[in-house]
Each structure stands twice: as C-alpha cells, then as structure tokens.
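# Breakdown of the fold
Take a look at the letters that make up each chain.
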Amino acid sequence: MSLKGTEKTLQKLKDSVESGNYYETHQMYRTVARRYNKQQKHQHAIQLLHDGAVSLMKHGQSASGSDLSNYMLETYTTFSVPVDATSLDRVVEILSLYPRNEPGRKQFINNAFSWTQKHGQYPEGDPELHDYVGTMFFYEGHYNRAEEHLLVGTDHSAELLGKLALAWALQEKTPSKEKGKFIARTVLQYLAMKSIHHASLAFNSFLASESQPQYGRGQVMMALAEAPTELVIYTDHWLNFSQLMLLTVQRDASDLFVQLRKNYESVYREHKGFDELLDDIANVFFNIPKPRRQGNMLQDMLSSLFAGPSTTPQRATLTHSNSPTLELD
C-alpha cells in the first residue's frame, strides 16, 4: 500500500472512531497493522498503531488504546526500531494519555524499557524515558517508584530527586533533625554508581528546597597541603555526613573514608541498606574489597573450592564558628 493509501486508511479509521465504532475500529487497526508487518512495511504499521492508540485514548477507550500501544512496541522490538527522538516521542505521547488506573499502563512502561534496553545505548534503559516516567510517578505521589527511575535518569532527574527526598520526609512526618536521612540515601545510591555529579545535584536541590537548621559555618581540611573548604554545619547529622562523603570521594584518601564511616556509624547503622551502599562506595572509589556477608557463605565456599589460591595517612579537621574543632581521625 502506498503512502497515499496509508493516509486514506488512517483517515477512514479516525472517522470510524469519531462515529463511536470503537470495538470494530480497534479490530481493524490490528488487522491492517498485522498485514503491514507481514509485508515488511513496519513503518506504516507503527504509524497506524500510534495514531490508533492516541485516537482511542482521547475518546476514553484506554483498554483498546493500550492494546494498540503495546502492539506498537512489539513492532518496535520485532523490527529493531532504533531508540531516537521520533520513536521515543511516540512512546511519551501515548504514555501521557494513559489514565493512572489503566492496568495496561504498567505493561506498556515495562515493554518500553525492554525495547530501549535492547535497541538503545543504555543497558538500564533510556535515561530520558526514565526521567519522564520518574517525574510522572513523582507528581502522582508514588515516591518509591519515582526514585527507581530517576536514579538512572538525567540531570533533571537528580535535581527532582532532591525535591523528592524532602517531599518524602514531609510525607513521613520526619523530625527536622532527621530529614537528611532521605537525601543521604539518594546521595549514597548515586555514589555507589560512581556519579558524583548527580549526587551533588540532588544534594544541592534538597538544600535549595527548604532551609535546614544550622549550627554555623565551618571549614574542613581534607589534606594538609590544601586550603580549607568552607561548608555549613547542620543540626541534622545526615546532612553533615552527606556533604563530607561528597568531599571525601573526590580525594584519594581511603583512610579518611574509613574514618568518616566509623564516625557516623551511630547515625546510619540502624537503617537498612546503608552499610551495603557504603561497601559499594568503598569498592568503586577506593578499591576496598566488599566484606563477605553471612548469607553468601555457601557461595563463597563453592567459589573457593573451584578457585586457585588468592593472590601516608591523611588528616581532616572540621571547624566552625560556634563549636570547637571536630576531629575526623
């Protein structure tokens, strides 16, 4: 079928939707798209399925629109359609039309990321799509799901995560001196992925979203040969821990990292997941081997059974105008 014929078919189907013949039109969209695919004319099929999904969604037929949407993604995958601005725009447009409670939305999102993982350049899925989905979940109030996507998103995602951390703390009615726990987790997750840039964006966004109680201003000496770094000393120990961690990973100072971790152990040790994140950070920045966890004893025994035989301190001080010097070692 020629391009002119395709446009004629599209118009006929749109008119049918306008007339309220939803079920018949839905089936016709599928039939014609299947015919195009058999003829290796997948671009015509994609155009048809996209337009059909949009038209049906706008007329309140979300289940039928969702079916065509997922068929479009199936066609993307079958014909190895590359991830580019045009192919992503179709996905985002359809996603913006999904009602929150439409069961097919979850499948559509999963299929979209599966396609971008297979035919894009990012193993975890396209960051722009993660940013869109994460932002969508954020404004819907689903902070846990939003966080999963925003962590592998864009610069905008990192900044939004700073706002999310504060919103989550407020939602949980967290005491003022403990709100920093939420952004600390975000910072550590980014650092575990060796992304200082995104960790800093998130942390600064959190601080810009709400004024945090302070003790005063201070200086940190990360090495004797360096000029002191100015910083704010907060009443929230989580915030102090986060900013000191951000400074520490930018220096070749494994002993300082170990010391900082030890000094703040009383802050994070009762909270699940922080030890594991710090183990990851120690490994990626300072090449400190991860400790063997008790749960992996059998795996370690098997590994050792089949494997062969295994083969100047820095000082930091933290001072501020309203309290005595704090030693980090």
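Attention here is on the structure that accompanies the text.

Definitions and limits used
Residues numbered from 1 in each chain as written. Predicted model: local features only at pLDDT ≥ 70, side-chain atom pairs only at ≥ 80, totals over all residues. Heavy atoms only, no water. Helix = DSSP H or I, 4+ residues; strand = E, 2+ residues; numbered from the N terminus. Areas by Shrake-Rupley, 256 points an atom, 1.4 Å probe, with all protein chains shown as cover. Core = buried A, V, L, I, M, F, W, Y, C linked by side-chain atoms within 4.5 Å. Buried < 20%, exposed > 50% of the residue type's maximum accessible area, 1.4 Å probe, protein only. Phe/Tyr/Trp six-rings, centres within 6.5 Å; stacked < 30°, edge-to-face > 60°. Lys NZ or Arg CZ within 6 Å of the ring centre and 35° of its normal. Salt bridge = Lys/Arg side-chain N within 4 Å of Asp/Glu carboxyl O. Contact = heavy atoms within 4.5 Å. Expected span 1.5 Å × (residues − 1). Axes fitted to C-alpha atoms, helices over the stretch in contact; angles between N-to-C directions. Parallel < 35°, antiparallel > 145°, perpendicular 65-115°, else oblique. Left-handed = near helix turned anticlockwise from the far one by under 90°.

Within the protein, the regular secondary structure consists of 16 helices and four strands. With the model as given, the accessible surface of the protein reaches about 17500 Å², and the carbon-plus-sulfur share is 50%.

Moving on, we come to the nonpolar core. Within the largest apolar cluster, 86 residues are counted, with the highest numbers of intra-cluster contacts made by Val91, Leu191, Met245 and Ile281. The biggest single contributor to this core is helix α9 (residues 155–171), with nine residues.

Going through the model one piece at a time under the given rule, you end up with eleven aromatic pairs. Here tryptophan 168 and phenylalanine 182 contribute two aromatic rings whose centre-to-centre distance is 6.1 Å and whose plane-to-plane angle is 40°, an arrangement assigned as tilted. A residue pair is termed long-range when its members are at least 10 positions apart, and tryptophan 168 in helix α9 and phenylalanine 182 in helix α10 (residues 180–192) qualify at 14 residues. By the burial criterion, tryptophan 168 is buried, and phenylalanine 182 matches it. Ring centres of phenylalanine 241 and tyrosine 268 lie 5.7 Å apart, and the angle between their planes is 15°; on these two criteria the pair is classed as stacked. Placement of phenylalanine 241 in helix α12 (residues 237–248) and of tyrosine 268 in helix α14 (residues 265–268) is noted, with a sequence separation of 27 residues between them. Neither phenylalanine 241 nor tyrosine 268 differs from the other in exposure class; each is buried. Each residue in the set Phe138, Tyr139, Tyr143, Trp168 and Phe182 is aromatic and connected to the rest through ring pairs, giving one cluster. Across from the ring centre of phenylalanine 285, 5.9 Å away, lies the NZ or CZ of lysine 194, which sits over that ring.

Looking now at the pattern of salt bridges. Where side chains of opposite charge bring their charged atoms close, a pairing between them can arise. Scanning all chains against the criterion turns up nine salt bridges. One salt bridge connects arginine 269 with glutamate 270, and the closest N-O pair in it is separated by 4.0 Å. As far as burial versus exposure is concerned, arginine 269 and glutamate 270 are alike and both exposed. Salt bridges sharing partners connect three or more residues here, namely Arg100, Arg105 and Glu140.

With that out of the way, let us pick up unusual backbone geometry. The backbone of serine 80 sits at a positive phi, close to 50°, despite the residue not being glycine. By secondary structure assignment, the location of serine 80 is in the loop between α4 (62–78) and α5 (85–97). Since its relative accessible area comes to 43%, serine 80 is described here as partly exposed. Phi angles above zero are rare outside glycine, and lysine 194 is one such case at about 60°. As for its position among the elements, lysine 194 is in the loop between α10 and α11 (196–209). By relative accessible area, which is 52% here, lysine 194 ends up exposed.

Along the chain, the position of leucine 68 falls in helix α4. In this structure, the C-alpha to C-alpha distance between leucine 68 and histidine 50, residues 18 residues apart in sequence, is 7.3 Å.

The next thing to look at is the side chain of threonine 25. Locating threonine 25 in the fold gives a position in helix α2 (residues 22–38). The buried category is assigned to threonine 25, whose relative accessible area is 1%. Those residues in contact with threonine 25, other than ones at most four positions away along the chain, are Leu13, Ser16 and Val17.

Looking now at α11. An α-helical turn contains 3.6 residues, so any two residues separated by three or four positions project in the same direction. With 14 residues, α11 should reach 20 Å at 1.5 Å per residue; the first-to-last C-alpha distance of 20 Å fits that figure. Lining the buried residues of α11 we find α9, α10 and α12.

This part is about the packing of α9 against α11. Direction vectors running N to C along α9 and α11 enclose 40°, while the axes themselves pass 7 Å from each other. Considering their axes alone, α9 and α11 lie oblique with respect to each other. You can see that α9 and α11 cross each other, and the crossing is right-handed. Residues Asp155, Ala158, Glu159, Gly162, Lys163, Ala165 and Leu166 of α9 touch α11, and the partners they reach there are His197, His198, Leu201, Ala202, Ser205, Phe206 and Ser209.

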